[in-house]
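Each chain, written out:
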Amino acid sequence: KGNPDGEIFMMSLIIGGTGFVGTYLAGHLKSMGQEVAVTGAHAEKAAHRGFADVPVYDLDILDKEAVIGLLEKTKPDCIFHLAAQSSVAASWKDPGRTIDVNVKGSTNLLDALRENGKHMRAVLIGSGEEYGRVRPEEIPVRESNQIRPGNIYAATKACQNMIASIYASAYDLDIVMVRAFNHIGPNQPSVFAVSDFCRQAAQIKAGRQAAVIRAGNLDARRDFTDVRDIVRAYVLLAERGQSGETYNVGSGHAKSIAEVLQIIIEQAAGAIRIETAKGPMQ
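Residues numbered from 1 in each chain as written. Predicted model: local features only at pLDDT ≥ 70, side-chain atom pairs only at ≥ 80, totals over all residues. Heavy atoms only, no water.

(A) Quick look at the nonpolar core. Core analysis: the largest hydrophobic core is formed by 28 residues, its most contacted members being I14, L25, F80, V178 and Y234. Contributions of two or more residues to this core are made by α1 (20-31), β2 (35-40), β4 (78-81), β5 (121-127), β6 (174-180) and α8 (227-240). Per element, the largest residue contribution to this core is eight residues, and it comes from α8. Apart from the residues within four sequence positions on either side, F80 is in contact with S12, L13, I14, I15, L25, L29, V123, Y234, V235 and A238. Formed by 26 residues, the second largest nonpolar core is a distinct cluster that contains L59, L113, A164 and M177. (Core = buried A, V, L, I, M, F, W, Y, C linked by side-chain atoms within 4.5 Å. Buried < 20%, exposed > 50% of the residue type's maximum accessible area, 1.4 Å probe, protein only. Helix = DSSP H or I, 4+ residues; strand = E, 2+ residues; numbered from the N terminus. Contact = heavy atoms within 4.5 Å.)

Given below as structure tokens:
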């Protein structure tokens, strides 16, 4: 499955679409002339996030019957599954919740697709974190690389990928899997490292915080991509991706957290000291 010339979708449903990435994805799809609907855990809050012309549905991803009902109601051609507990730091604090949302939630969607019986393409968003600690000889990171998830969040996304691959093969479902590397951009929640650094720098520049940025492990290297490029890649994979396959999405170039933080400090144009503390990376 998968149309090399690009498949045209008229109606897209973004599950977990009221957050950071979903907002950009919905906007991009709308700019292409698509009909779009989104879901969130608290739809009433989404009305103030730029969704005035997009239907927003409350959805508990852990309620399989609710997922089935929503697919029947919206009848999408394509589903983008973004709903996840996506913070590594939060996954250490509440592993059970992360497992429920990321594994059981995605399995509920897969079951809903299986039981619906109609042709729908689904794009399931995973993470570059699934690869874990990449060895020097494994760079550049390819989809065939061995996965070595090193945190709870990464393990749940690896599990999602494996289950989706089985469903695609066993039930002939039209599923494309993605391993997206770190994405950044305006309005990203400050639970993530780069957005938190930017928040702290802005507070310092405004005189509301001492000239100290607090950070974790600065030696870690991450592949950062603008969220607007990420969502364009998601749409291209929805149009052209091969069913049952997994695709990496990222820049292909890693930078250390220290390098990124230095850029932020330079933009703040002031003397800022860095304090580091040990702990899991966000």
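(B) Main features of the sheet that holds strand β3 (residues 56-58). Reading across the sheet, the seven strands line up as β3-β2-β1-β4-β5-β6-β11 and stay open at both edges, with parallel pairing between neighbours. In the strand order of this sheet, the two ends are held by β3 and β11 (246-249), each with one partner. Put simply, the sheet's adjacent strands are angled 20° from each other on average, direction ignored. Judged from the four bridges that link them, β6 and β11 form a sheet pairing that is parallel. By the bridge assignment, A180 is partnered in β11 with V249. Relative to strand β1 (residues 11-15), α1 is tilted by about 175°, and along the sheet it contacts β1, β2 and β4. Of the strands in this sheet, β4, β5, β6 and β11 are in contact with α8, which crosses β5 at around 140°. (Pairing = 2+ DSSP bridges. Axes fitted to C-alpha atoms, helices over the stretch in contact; angles between N-to-C directions.)

(C) Main features of the pattern of salt bridges. Scanning all chains against the criterion turns up 13 salt bridges. One salt bridge connects R114 with D111, and the closest N-O pair in it is separated by 2.9 Å. Pair noted here: R114 and D111 are both in helix α5 (residues 95-116), with a separation of three residues, about one helical turn. When its relative accessible area of 34% is taken as the criterion, R114 is described as partly exposed. Residue D111 is classed as buried on the basis of its relative accessible area, which comes to 11%. The shortest N-O distance in the salt bridge between D229 and R232 comes to 2.4 Å. Note that D229 and R232 are positioned in helix α8 at a spacing of three residues, about one turn of the helix. (Salt bridge = Lys/Arg side-chain N within 4 Å of Asp/Glu carboxyl O.)

(D) Inspection of the environment of L82 at higher detail. Examined against the element boundaries, L82 turns out to sit in the loop between β4 and α4 (88-93). On the basis of relative accessibility, which here comes to 16%, the residue L82 falls in the buried class. Residues L82 and D223 lie 141 residues apart in sequence; the distance between their C-alpha atoms is 19 Å. Among residues more than four places away in sequence, those in contact with L82 are I14, I15, G16, V21, G22, L25 and I125.

(E) Looking closely at the pairing of β5. Within β5, seven of the seven residues are buried, leaving the element largely enclosed by the surrounding structure. Going residue by residue along β5, you find R121, V123, I125 and S127 tucked away on one face and A122, L124 and G126 tucked away on the opposite face as well. In this structure, β5 lies alongside β6, joined through seven bridges in parallel fashion. Residue pairing for β6: I125 is matched across the bridge by V178. What joins β5 to β6 is helix α6 (residues 152-170), and the crossover it makes is right-handed. (Right-handed = clockwise from strand over helix to strand, strands pointing away.)

(F) Looking closely at the packing of α1 against α8. One can describe the packing of α1 onto α8 by two numbers: an axis separation of 9 Å at closest approach and a directional angle of 60°. In this view, α1 runs oblique relative to α8, as classed from their interaxial angle. As for how α1 packs across α8, the hand of that crossing is right-handed. For the pair α1 and α8, the contacting residues are F20, V21, Y24, L25, H28 and L29 in the first and V227, R228, V231, R232, Y234 and V235 in the second. For the contact of α1 with α8, the class distribution of residues is nine nonpolar, one polar and two charged. (Parallel < 35°, antiparallel > 145°, perpendicular 65-115°, else oblique. Left-handed = near helix turned anticlockwise from the far one by under 90°. Nonpolar A, V, L, I, M, F, W, Y, C, P; charged D, E, K, R; others polar.)

(G) Inspection of α1 at higher detail. Along its twelve residues, α1 runs 17 Å from first to last C-alpha, staying within 8% of the 16 Å computed at 1.5 Å per residue. Those residues of α1 not exposed but buried are F20, V21, G22, Y24, L25, A26, H28 and L29. Packed against the buried residues of α1 are β1, β2, β4, β7 (183-184) and α8. Phi for G33, located one or two positions after α1, is positive at around 85°. (Expected span 1.5 Å × (residues − 1).)

It is worth stressing that arrangement in space is one thing and function is another; only the former is reported here.
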